[in-house]
Amino acid sequence: MMAVRKLALVALLVTVAVGPASRSFGQAQPTPVTGDWLLAHILSDPEQLNPLTSNDAGASAILGYIVQTLLTRDPRTLELKPLLAEARPTIAADKLTYTFKIRKDAHFQDGRKLTGEDVLFSVKAIKNPLVNAPFARVYYESVTDAQLVDEHTIRFSIKEPYFLNETMLGGIEVLPRHYYDPQNLMKDVGIKDLADPAKLSDNAKKFAEQFNKNYSRNPMGSGPYKFQAWKTGQEVELVRDPKYWGIGKPGIDQAYFDRHRYRVINNPDAALTSLKSGSLDTMGLQPLQHMQQTGGDRFKKDFEKHEYFSPNYSYIGWNNDHPIFSDKRVRKAMTHLTDRKQMVKTILFNLGQVVDGPIYFHRPEYDKSLASIPYDPKKALELLAEAGWKDSDGDGILDKTIDGKKVPFRFEIKFNSGNTTRKSVALALQDELKKHGIGATVRELDWTVFLSEIKGRKYDAMILGWAMSVTEPDAYQVWHSSQAANKGSNHIAYKNPRVDKILEEYRREFDPKKRIELYREFQKILHDDQPYTFLFTPKSISAVSRRFRGVEVLPIGGLRPLDWWTPAGAQKYGSKPSNN
């Protein structure tokens, strides 16, 4: 996964990988060697593998090995560093022009040279309003133009300062134009031409249609691994590119494993069985698996467990357009009826921490002064009564007249199948609500179907997770009202004019102290509105084969398999494919 990337949806509450960034060892290490494979577990197939239109963490992790950016972050210092760019950009004094010089030795996996034309094409693809990438486009709204100065130099023009412009421009995933736009349909389309969807040229429309439709399962980029195969419901396979442009280059990520295989196993118990039998090398453990099923001597001999907080959180999202959940008193009552501390204790075995907002709690922007909403059924019933909910007909279910029609308090909670933690949360809440005259049903859905229904807002309530930034956050993608349209990331249709203004002002503010003040207010408003019931940040527990070296938990957010390698005498697999 690229170190500078849009926020991504999280399918599972455990993380086994963060993606490539620049490599630097703090102390003397044995010299890594190539060879062997990595067999990793994923709970579900990725939503898709189009670098711009995918938005789940599984796809992001896989694509991070295939597609590269102009800049990256050092996984230890978190500092921005050049990757496809020769250096960090030249920034004009007014912060309205950014100029990047692109490395002349970089090329794509088919051998074609990577140039400024590819960077320019990638920006146009993001900015094309018909490309299904609203969650990416939101970070480039201020880009008004991009011009090639020469074959390897590109200059971006910005309409207003944004404190993350260097990060976001440096985070552009550079796609090969010749592969994703073989007809060169975007050649004569300027950045300015993409501002108004109603005035798009036929070529821009045709490109978007083809890009959305034809590149969901066959990614190509300049990274150290090439896409090899995707067998739906079984496996995604990457192979090390023997002609990778970065081989042996100082400061550039190297690849050691010959193959990365991501095995799709929708049942965590079955995945653990596969791990113990040697059919997997690494997986994220469920809390119960960590506490009760992986403590034996044989497991300890074969695997090392790593426990750490990964930057993501879980939440219950209330459809703010739903007639029941449009009232914030109801949403707040739902939080009072959700015993989050007990969930952390019994579902996570205390391997997690209750959270009350979307900012990572290690960041200075996180507001520690917020009083966590407690489990308090009495207060919840008071709020519901205040909102007009009562059992008027004595059938045991609360009801209310809305728009002239009596509406019983019944709804459905959706979550992705195979995620036992989310299932436990849903069942615990269902049981609690039943005690208070609220009928809730629960429904598991396949990951891709689940995401489709969430984006289409075909749900009452859902349980999901977001990755969080370990560096300066920007919550615009998820919380600005503009992102509630066109399948943007504001899936719950939350709208608050003051929040919109804060998010906009925050982006223009270059003083970190003032940004912190703005986000403290933002969190207080969310706390009062309760558009989500924020649940917890879980601890990740990853089991990793002891034959690997270079395994460590990094400040960027967890383990980083790109750094792993196997000593020659311990390698398990050869370079050729097999049925293992």
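### Structural notes on the sheet that holds strand 5 (residues 97-101)
Thinking step 1. Strand order across the open sheet formed by 4 strands is 4-5-7-6, with antiparallel pairing between neighbours. A single partner strand is all that each edge strand has here, and the edge strands are strand 4 (90-91) and strand 6 (143-150).
Thinking step 2. For strand 5 and strand 7 (residues 153-158), the ladder comprises 5 bridges, and the chain directions are antiparallel. By the bridge assignment, Thr97 is partnered in strand 7 with Ser157.

### Side note on the packing of aromatic side chains
Each pair of aromatic rings is reported with the distance of its centres and the angle of its planes.
Thinking step 1. Inspection of the entire model under this criterion finds 35 aromatic pairs.
Thinking step 2. Look at Trp37 and Tyr573: their rings are 4.7 Å apart centre to centre, the planes differ by 15 degrees, and that puts the pair in the stacked class. Separated by 536 residues along the polypeptide, Trp37 in strand 1 (residues 37-42) and Tyr573 in the segment after strand 20 (532-545) bring together distant segments of the chain.
Thinking step 3. Given a relative accessible area of 1%, Trp37 falls into the buried group.
Thinking step 4. Between the aromatic rings of Trp479 and Tyr494, the centroid separation amounts to 5.7 Å while the plane-to-plane angle is 85 degrees, which identifies the pairing as edge-to-face. In this pair, Trp479 is assigned in helix 15 (residues 476-479) and Tyr494 in the loop between helix 15 and helix 16 (497-508), connecting sequence segments 15 residues apart. Here Trp479 and Tyr494 have matching classes, each one buried.
Thinking step 5. An aromatic cluster is present here, built from Phe121, Tyr179, Tyr180, Phe207, Phe211 and Tyr215 joined pairwise through their rings.
Thinking step 6. Here Lys95 stacks its cationic end above the ring of Phe510, 5.1 Å away from the centre of that ring.
Thinking step 7. Here Arg515 stacks its cationic end above the ring of Phe163, 3.7 Å away from the centre of that ring.

### What to know about the pattern of salt bridges
Thinking step 1. Scanning the model with the defined rule gives 36 salt bridges in all.
Thinking step 2. Put simply, Glu552 and Arg76 hold a salt bridge, and the shortest N to O gap is 2.6 Å. Remark: Arg76 occurs in the loop between strand 2 (71-73) and strand 3 (80-82) and Glu552 occurs in the segment after strand 20; sequence separation between them is 476 residues.
Thinking step 3. Residue Glu552 is classed as partly exposed on the basis of its relative accessible area of 32%.
Thinking step 4. Notably, a salt bridge pairs Lys104 with Glu86, separated by 3.9 Å at the nearest N-O pair. Here the residue Lys104 occupies a position in the loop between strand 5 and helix 2 (116-127), and Glu86 occupies one in the loop between strand 3 and strand 4, the gap between them amounting to 18 residues.

### Notes on the packing of helix 10 (residues 328-336) against helix 17 (residues 512-529)
How two helices pack is summed up by the angle between their axes together with the distance between the axes.
Thinking step 1. Put simply, helix 10 and helix 17 touch, their axes get as near as 8 Å, and they point 90 degrees apart. As the angle between them shows, helix 10 and helix 17 are arranged roughly perpendicular. From helix 10, Lys328, Arg331 and Lys332 reach across to helix 17, where they touch His527, Asp528 and Asp529.
Thinking step 2. Grouping the constituent residues of the contact of helix 10 with helix 17 by class yields no nonpolar, 1 polar and 5 charged.

Thresholds, definitions, all that
Residues numbered from 1 in each chain as written. Predicted model: local features only at pLDDT ≥ 70, side-chain atom pairs only at ≥ 80, totals over all residues. Heavy atoms only, no water. Pairing = 2+ DSSP bridges. Helix = DSSP H or I, 4+ residues; strand = E, 2+ residues; numbered from the N terminus. Phe/Tyr/Trp six-rings, centres within 6.5 Å; stacked < 30°, edge-to-face > 60°. Buried < 20%, exposed > 50% of the residue type's maximum accessible area, 1.4 Å probe, protein only. Lys NZ or Arg CZ within 6 Å of the ring centre and 35° of its normal. Salt bridge = Lys/Arg side-chain N within 4 Å of Asp/Glu carboxyl O. Axes fitted to C-alpha atoms, helices over the stretch in contact; angles between N-to-C directions. Parallel < 35°, antiparallel > 145°, perpendicular 65-115°, else oblique. Contact = heavy atoms within 4.5 Å. Nonpolar A, V, L, I, M, F, W, Y, C, P; charged D, E, K, R; others polar.

Don't take any of this as a statement about function, it's just geometry.
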